[in-house]
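# Analysis of the macromolecular model
Below, each chain spelled out in residue letters.
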Amino acid sequence: MALSGISRVRRQLPTSPWLFAAPGLFVTGAFILYPFLSTLVNAFTDRRTLIPGRFVGLANFRELLQDDMFWTGLRNSTLYVLGVVPPLVVLPLLLALLVQKNIPGITFFRSAFYTPVVASIVVVGLIWVWLLDDRGLVNSLLETAGAGRVGFLSDQWLLLLSAMAVTVWKGLGYYMIIYLAALGNVPRELHEAAAVDGAGAVRRFLTVTVPAVRSTMVLVGALSSVAAFKVFSEVYLLAGPSGGPAGEDTTLVMLVQRTGTGLTGRVGYASAISVVVFAVTVALMLLVLRADRKEES
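Residues numbered from 1 in each chain as written. Predicted model: local features only at pLDDT ≥ 70, side-chain atom pairs only at ≥ 80, totals over all residues. Heavy atoms only, no water.

### Looking at helix α6 (residues 121-132)
Its twelve residues place the ends of α6 16 Å apart at the C-alpha level, agreeing with the 16 Å of an ideal helix rising 1.5 Å per residue. Looking only at α6, the buried set comprises V124, G125, W128 and L132. Mapping the buried residues of α6 onto a view down its axis gives an arc of 100°, with all of them on the same face. Along α6, exposed side chains directed more than 90 degrees from the buried face belong to L126 and W130. Residues of α6 that are buried sit in contact with α7 (137-144), α8 (156-183) and α12 (233-239). (Helix = DSSP H or I, 4+ residues; strand = E, 2+ residues; numbered from the N terminus. Expected span 1.5 Å × (residues − 1). Buried < 20%, exposed > 50% of the residue type's maximum accessible area, 1.4 Å probe, protein only. Arc of directions from axis to C-beta. Contact = heavy atoms within 4.5 Å.)

Structure representation (structure tokens):
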């Protein structure tokens, strides 16, 4: 009886892992794989929201090359990456170094720095709109101090910079936690040896800390690059559905939302833009990883 039970269990083992993985595979297929394949197929059709599409080949992509709004969105998304990634790679590391020390009250500051991460992006956006509006708190303080009002949300470039500031402020705590985990693996003996050799705090940071967490910096750079290029909420909440003055602050993801939604949404054209966004984000990650490998070699 015992031997027959063991053989029966052995016969069942090959299928058991698939039974445990089935829920995850179903969710992945239904909400990730299927939408991805559907978007890829729709990119080559003229499908609309209520009208099944027909195959049009590369017509959507050729139209993209002639669409001024697409180039505006590509410009803004690219500028967003250039403006957001360097601060999100460096500032969280410096913040992690500050809160790494076990001193009284440091837990409060760790929690305070991480609070924006768990806060709703809608709430965060409304708070920043209240601060930066023409009649908001910041402009009221500037006017009280004798300076003129600044159009943080009405000027094309200031609005984009304000959205970048929101993204950096909200992401500092998240990447700080990643750096804290990496700093915990840096041997204390390296810092002590550098201090014995006469290295100051800045030199120890450049020669010990940075090389030790370089792989983590690459990870943060890759994650923040992809997130920055796909930015939507911050710009949408500060600029509104129109994308700022004359739509000049529209990003690619905002353009996807604006083009592909509604009863007359051009799903096929929006899917083509989504494919471009996907291709660029993959290229960004590959460039970051290649640069890291080249530096290691």
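### Brief notes about the packing of helix α9 (residues 188-196) against helix α10 (residues 201-212)
Each packed pair of helices is defined by two parameters, the angle between the axes and the distance between the axes. Interaxial distance between α9 and α10 falls to 10 Å at its minimum, and their mutual angle equals 145°. In the packing of α9 onto α10, the handedness of the crossing is right-handed. Side by side, α9 and α10 meet where L190, H191, A194 and A195 of the first sit next to R204, V208 and T209 of the second. In terms of residue class, the contact of α9 with α10 is made up of four nonpolar, two polar and one charged. (Axes fitted to C-alpha atoms, helices over the stretch in contact; angles between N-to-C directions. Left-handed = near helix turned anticlockwise from the far one by under 90°. Nonpolar A, V, L, I, M, F, W, Y, C, P; charged D, E, K, R; others polar.)

### Concerning the pattern of salt bridges
The final tally for this structure, using the stated rule, is four salt bridges. Across the pair R54 and D46 runs a salt bridge, and its minimum N-O distance is 3.3 Å. Residues E63 and R266 are paired through a salt bridge, measuring 2.9 Å at the closest nitrogen-oxygen approach. Of this pair, E63 sits in helix α3 (residues 59-66) while R266 sits in the loop between α13 (252-260) and α14 (267-296), placing them 203 residues apart in sequence. For E63, a relative accessible area of 30% gives the class partly exposed. On the basis of relative accessibility, which here comes to 27%, the residue R266 falls in the partly exposed class. (Salt bridge = Lys/Arg side-chain N within 4 Å of Asp/Glu carboxyl O.)

### Comments concerning the layout of surface pockets
Of the volumes computed, that of the largest pocket is approximately 600 Å³. What lines the largest pocket is a set of 14 residues, and nearest its centre among them are L97, Q100, K101, H191 and T209. Taken together, the elements giving at least two residues each to the lining of the largest pocket come down to α4 (68-99), α9 and α10. In terms of residue class, the lining of the largest pocket is made up of seven nonpolar, four polar and three charged. In this model, the second largest pocket occupies a volume close to 250 Å³. (1 Å grid on protein atoms, 1.4 Å probe; cavity = no way out; pocket = protein on both sides within 12 Å on 5 of 7 lines; lining within 4 Å. Points joined across faces, edges and corners; volume = space filled by probe spheres on them.)

### Let's talk about a nonpolar patch on the surface
Taken together, L33, F36, L37, L40, F278, V282 and L286 make up a surface patch of nonpolar side chains, about 610 Å² in accessible area. Where the nonpolar patch is concerned, the elements lending two or more residues are α2 (16-42) and α14. Ranked by residues supplied to the nonpolar patch, first place goes to α2 with four residues. The class for L37 is partly exposed, based on a relative accessible area of 42%. (Patch = residues over 30% accessible without salt bridge, like charges linked within 9 Å, V, L, I, M, F, W, Y side chains within 5 Å. Areas by Shrake-Rupley, 256 points an atom, 1.4 Å probe, with all protein chains shown as cover.)

### Points about the environment of G57
Mapping G57 onto the fold places it in the loop between α2 and α3. On the basis of relative accessibility, which here comes to 13%, the residue G57 falls in the buried class. For the pair formed by G57 and T45, sequence separation is twelve residues and the distance between their alpha carbons is 6.9 Å. In this view, G57 contacts A43 and F44; residues no more than four positions away in its chain are not counted.

The values are spatial; any link to function lies outside them.
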